[in-house]
Every structure is written in C-alpha cells, then in structure tokens.
Amino acid sequence: MTDYETLWRDFKWQIPETFNFAVDVVDHWAEDADRLALIWTDGGGRERRFTYAEISRRTKQVAALLARHGVGKGDRVLIMLPRRPEWQIAMVGCLRLGAVPVPCITMLTAADVAYRIDHADAQAVVTSFDNINKISAERPFKARLSVGGAAQGWLDFDAAVAAETADFAAPEIAADDPAILYYTSGSTAKPKGVMHAARGLYTWRVSAEYWLTLGDGDIMWCTADTGWSKAGTSILFGPWSCGSTVLFYDGPFDAAKRLELLEQYRVTVFCAAATELRQLINEDFAGRDLAALRLTVSAGESVNPEIVNRWSALTGGLLLDGYGQTETLMTVMNYPSMPVKPGSMGRPLPGTEMAIIGDDDRIAGPGETGRLALRRPNPQMMLGYWQAPELTADAHLTIDGVEWFITGDTATIDADGYIFYAGRADDVINSAGYRIGPMEVENALMEHAAVRECAAAASPDAERGEVVKAFIILNSGFVGSEVLTKELQAFAKSVTAPYKYPRKIDYVEALPKTVTGKIQRRKLRDQEFKNGE
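This section reports on the structure supplied with the text. Every value quoted in this text rests on a predicted model; they were computed, and no experiment measured them.

### With respect to the overall build of the protein
Within the protein, the regular secondary structure consists of 16 helices and 27 strands. Against the 2.2 N^0.38 benchmark of 24 Å for 533 residues, the protein shows a C-alpha radius of gyration of 23 Å, consistent with a compact globule. A principal-axis box enclosing the C-alpha atoms of the protein has dimensions of 70 × 60 × 50 Å. Within the span of the protein, comprising 533 residues, buried residues form 59% of the whole. For the protein, long-range pairs separated by at least 24 residues make up 67% of all intrachain contacts whose partners lie at least 6 apart in sequence. Accessible surface for the protein amounts to roughly 21200 Å². Of this, 48% is attributable to carbon and sulfur atoms. Averaged over its 55 positive side-chain charges, the protein has a centre that lies 2 Å from the centre of its 70 negative ones.

### Comments concerning helix H14 (residues 438-446)
Of all nine residues in H14, eight are buried; the element is thus mostly enclosed. Looking only at H14, the buried set comprises Pro 438, Met 439, Val 441, Glu 442, Asn 443, Ala 444, Leu 445 and Met 446.

### Regarding the packing of aromatic side chains
Describing an aromatic ring pair means giving the distance of the ring centres and the angle of the ring planes. Enumeration according to the criterion identifies 14 aromatic pairs in this entry. Seen from their ring centres, Tyr 323 and Tyr 421 are 6.5 Å apart, and the 40° between their planes marks the pair as tilted. Within this pair, whereas Tyr 323 is found in strand S14 (residues 318-325), its partner Tyr 421 is found in strand S22 (residues 419-424), the two being separated by 98 residues in sequence. Residue Tyr 323 is classed as buried on the basis of its relative accessible area of 6%. Exposure remark for Tyr 421: the relative accessible area of 15% places this residue in the buried category. The positively charged end of Arg 139 is found above the aromatic ring belonging to Phe 141, 5.0 Å away from the centroid.

### So, the pattern of salt bridges
Scanning the model with the defined rule gives 36 salt bridges in all. Measuring nitrogen to oxygen at the nearest pair gives 3.5 Å for the salt bridge that ties Glu 86 to Arg 48. In this pair, Glu 86 sits in helix H4 (residues 85-97) while Arg 48 sits in strand S2 (residues 47-51), placing the two residues 38 residues apart along the sequence. The exposure class assigned to Arg 48 is partly exposed, which follows from its relative accessible area of 31%. Because the salt bridges share partners, they merge into one network encompassing Arg 76, Asp 118, Asp 121 and Arg 139.

### Looking at the environment of Pro 366
Topologically, Pro 366 is positioned in the loop between strand S17 (354-357) and strand S18 (370-375). The exposure class assigned to Pro 366 is exposed, which follows from its relative accessible area of 63%. Spatially, the C-alpha atoms of Pro 366 and Ala 169 are 53 Å apart, while their sequence positions differ by 197 residues. In this structure, Pro 366 is in contact with Ile 413, Asp 414 and Ala 415, ignoring residues within four places of it in sequence.

### Here's the deal with the nonpolar core
One broad rule of soluble globular proteins: the nonpolar side chains tend to lie buried together. Counting 102 residues, the largest nonpolar core has Phe 21 and Trp 240 as its most contacted members. When residues of this core are assigned to their parent elements, the largest contribution, eight residues, is made by H4. Once residues lying within four places of it in the same chain are set aside, the contact partners of Trp 240 are Phe 21, Val 25, Val 26, Trp 29, Ala 37, Leu 38, Tyr 52, Ile 55, Gln 88, Val 92 and Val 246. One finds Leu 259, Leu 277, Val 303 and Ala 458 within the second-largest nonpolar core, a separate group that totals 44 residues.

### Brief notes about the sheet that holds strand S12 (residues 269-271)
Spatially, nine strands are ordered S2-S1-S11-S10-S12-S13-S14-S15-S16 in an open sheet, and the strand pairing comes out mixed. Only two strands of the sheet have a single neighbouring strand rather than two, namely S2 and strand S16 (347-348). When strand S15 (residues 329-333) meets S16, the two strands line up antiparallel, connected through two bridges. Residue Met 333 lies in a different strand from S16, and its bridge partner there is Arg 347.

### Here's the deal with the sheet that holds strand S26 (residues 465-474)
Ordered by their spatial adjacency, three strands build an open sheet running S25-S26-S27, and the pairing between neighbours is mixed. Each edge of the open sheet is held by one strand with a lone partner, namely strand S25 (451-461) and strand S27 (504-507). Each strand of the sheet is rotated relative to its neighbour by a mean of 25°, with strand direction disregarded. Taken together, the 10 bridges between S25 and S26 define a ladder with antiparallel strand orientation. Of the residues in S26, the one forming a bridge with Ala 458 is Val 468. Across the sheet, H14 is in contact with S25 and S26; its angle to S25 comes to roughly 140°. Relative to S25, helix H16 (residues 521-531) is tilted by about 40°, and along the sheet it contacts S25 and S26.

### Some points on the pairing of S22
Moving residue by residue along a regular strand, the side chains alternate between the two faces of the sheet. Bridge analysis of strand S21 (residues 402-413) against S22 gives five bridges, and the strand direction is antiparallel. Of the residues in S22, the one forming a bridge with Asp 409 is Arg 424. Hairpin connection, S21 to S22: the antiparallel pair is bridged by five residues, and Gly 417 has positive phi, about 90°.

### Description of the side chain of His 448
Along the chain, His 448 falls in the loop between H14 and S25. Within polar-contact distance, the side chain of His 448 engages the side chain of Glu 487 at 2.8 Å. Not counting chain neighbours up to four residues away, the residues in contact with His 448 comprise Leu 484, Glu 487, Leu 488 and Phe 491.

### Overview of the environment of Ala 90
Position of Ala 90 among the secondary structure elements: in helix H4. In this structure, Ala 90 is in contact with Val 62, Ile 79, Val 126 and Phe 157, ignoring residues within four places of it in sequence.

Thresholds applied
Residues numbered from 1 in each chain as written. Predicted model: local features only at pLDDT ≥ 70, side-chain atom pairs only at ≥ 80, totals over all residues. Heavy atoms only, no water. Helix = DSSP H or I, 4+ residues; strand = E, 2+ residues; numbered from the N terminus. Rg over C-alpha atoms; globule rule 2.2 N^0.38 Å. Buried < 20%, exposed > 50% of the residue type's maximum accessible area, 1.4 Å probe, protein only. Contact = heavy atoms within 4.5 Å. Areas by Shrake-Rupley, 256 points an atom, 1.4 Å probe, with all protein chains shown as cover. Lys, Arg positive; Asp, Glu negative; His and termini not counted. Charge placed at Lys NZ, Arg CZ, Asp CG, Glu CD. Phe/Tyr/Trp six-rings, centres within 6.5 Å; stacked < 30°, edge-to-face > 60°. Lys NZ or Arg CZ within 6 Å of the ring centre and 35° of its normal. Salt bridge = Lys/Arg side-chain N within 4 Å of Asp/Glu carboxyl O. Core = buried A, V, L, I, M, F, W, Y, C linked by side-chain atoms within 4.5 Å. Pairing = 2+ DSSP bridges. Axes fitted to C-alpha atoms, helices over the stretch in contact; angles between N-to-C directions. Polar contact = N/O pair within 3.5 Å; in protein donor to acceptor, adjacent residues only side chain to side chain.

So, in structure tokens, the structure goes:
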C-alpha cells in the first residue's frame, strides 16, 4: 500500500465461491518443498521446524483420522492446546475435513470447558495430556485425542496420526459454510460463541497484507494464546496465507527472553499485547541486534502513545496499533505507509466502512463520541452468535436502509477519517454532563514517569453524578502518596482537557483483566458504585 485513499476507494472484495484453507493455502505453498511454515521452540530451548509440505502431509493424516472415527463436515471439534505444533496441525486438519475447530485456551477450568463442549455440541476433542482431566469421562465423543501421551479412553495424537494415510480427498467448502467457532471472554455474561464462515478465513489475509505487510522471507511472531481469535489472524491464517514463516514459542512470559528470541530468530514482524510492550520497554536494549525487526503491531487493548514512542526509539522500527473484535477480526489499523496520529487506532481496512452512531441512532459527525459500527454486508463478519439469533439481531441496526453491526465500543472519528477509541459502551464516564472516554485519561497518565499501567473508571459523586477515578500501578522507585496524587492530577490537566482529570486516584498492584488481556473497567466501576451505596 502506497496510497491509502486510492486503495480504500477502489478496493473490491473478491470472495471465491469455495475455500478450503488447508487445500487452497497450505497445499499451495507445499508445492515449494523447502518453504518453511513453522519454527517451534520452548522455554527449555528445544526446537522443531516444519515446512508447508510437512504441515500438508500431517493435516491430511489428521483429517483421515477424524473421518475414520465418524467426524464429518460441520462437526465441531474442541481444540485446547498450548503453544505447540500440534495446535496448527489439528486446526488445519479439521479445516481440511470441513469440521469446525473450536480453539480454547488451556487456562480454562473444567466448568469452562464443559460449557463450551455442551454449547457447541462438540463431537470430538483434542487436548494435551495434562488437560484431559478437564474433560468429563461420561461425555460421549466420536474421538478423543491426547497430545503428549495416551490414557484410558483417549488416543495418543502423534501415534494415531502417524498411522493414518496422507491420501485424503478434502470435501468442497462453500464460502458461507461454517469454518471456525470462537468464544468471547465472557467478562459480563456467559461466553458467546462466534461462528465464522470459510470466507472469513479467506478475508483475514487482507489485514496480513496491508497491516502486517507479510510476504516471502518474513518471520512473524505473535504471542497471543491459542484460544484467541488474534492467534487465528496473526499466527495461522494471516501469515500462512502470505506464505510467511511463523515463530511459535511455548514458555512463560519473561521480558528479557522475549528480546532474546526476537534477536535469535531474526523476527521481522512482531505482534504483542500492550501489556507485554509496557514491560518490554523497561528492559535493557543495549547490545541487542533487532535490525531485522521492521514492524511491531498490537491489538486487543489500546497502546498508549508513550509506549509507541518509546518502543520505536528503542527498536528503530514502527509500532502500529490496530482494532478488531472476535466478531469481525481486524477492521481498523494504522498502516506503515500512512501517517500515524498519536492515540488513534488508525483507519478502516480496505473493504471496510466504519461509522459513529449517536444516541439518536443517527450517524454522528466528526469529533462526536458514539457507538462504533461496521457497515454490512462485509465478508469479514461472523455468520452470527452460535445458537443465539436474538443476540445476533440485537447487535445490528438499520439506518436509512443501511445495516450496521454495533461493536459495543465507543469512539470518535476525526475530519481526516482517523478513529480514536473511547472505551466500551458501558465504560464511558458521564461527569456533570461531560462524556469522558477512559482511554483519554489513561493516555494522559501513561505519559508520567511514575505510571506503569493504569485504568480509568466512573466513581459515584454526589455533586457530579460520576467522576473519573484512576487505578494506577506505579513503576519501581515510586510510592503512592498524597503529594504524588496531586502531581498526577495536575499533570493530567496539562496533557488533556482539564475536566477529564482523575478526581480520585487509587494505587494498586494489579488491574482486573480478561483472559485476552483487556482491562475490565466495568469491574472497577461496579466495585466503586457498590462501595458508594
């Protein structure tokens, strides 16, 4: 991309009538026998490498194994694995068969897993040996596959797959056939199943091309967990659609180790949550050779401008924020060829139109805060919430004959088309008639040397109804005090509009977050109002 305006204006989606990711992507790149698909390593230093040809062969064996046990097209298969090669192999094996993988993180409890199995009506399960105890022995499945060892009622994944033929004829998958089922974090209610079609898997290459700018020779490392939709776009579907190599690390978070791996494997494109980046910038970069790292991206939670500036100064490469949801995947991004406005999520992906909808259900003008919405139809959109047609319908709004998907987030769009995140729809603080987005407050505070991480939420106030309260994790060397509180309040007033400054500040050790790393401001707000009763 060299000219965003022209590309966005002229872009037209060209969705094939049929699409099987395993056949149309993996098998395509497998024609180059030496093209490297995956580098896996772990905290102990072990390493395994897989070409696309090896991935093609193994996923054919997985498809054959599942089919032999009665799993067919459209059947849901729960896949709960840590960051190890069997995850990609199982996922693509399901897609080759036309089965619908249901990726889940291994941190789920037995009750969490049972809910997903029952809600999805999963017909098979693939998990690691140390997680099989989370699966009810009484629950009938067509197949139970254990990675890392066999047990009663379970097949050893590696042995069973190795015994199968690699001669598997994949079925035809229509563009609108169900392809993958994600579950949201469930921070406010039971997790929602988000069903995507095969066309979704096809379209996610567009963000990989224009945001990640992936191609031949690139090594992409995304630290997202395997149950997150971000893992789909930045570990599996995006990079492999571009024929790039993926680095897959299975080990605990350690900031120094992250930098070591970036250097050792000559990673060219890195994707990490803002929470990780906040810790990485406090590491010693002296002597590190990160010359290969040309681009870092982040999504899932907004990256404060201060983090962007410090990361770019330390690495010499770009750090570009982006926005997406499980229901839509990546839709708003900053692009390497486009000027970045501090604090902005960027501009819509080519082929995607976004708007701000006001409380009067009309399209808002530049600078007005309202509900962020995506215009339909859009092939990146989910088919719908699984088994919840009313919930799906409630997420849509028609204005002047145009249907919009309401994201549940609030934002503003400036006169140049840049979108600025304000918070979840229920995160906006209404203080004395002023609507204040928590990100505006957080971005201001993050520029202060004392602040390592923070969140802003509404707190009850007799005079103003609500006031801004900041919950702050301090950097080492700083201690919470009344003097520091006044300093931070004055600093916030100097950086952003004075009415947005936090009238209350608490110093905390941790912030409530979802499993995907998003700050749960609602929990902070609810606790404030409970305490204020």
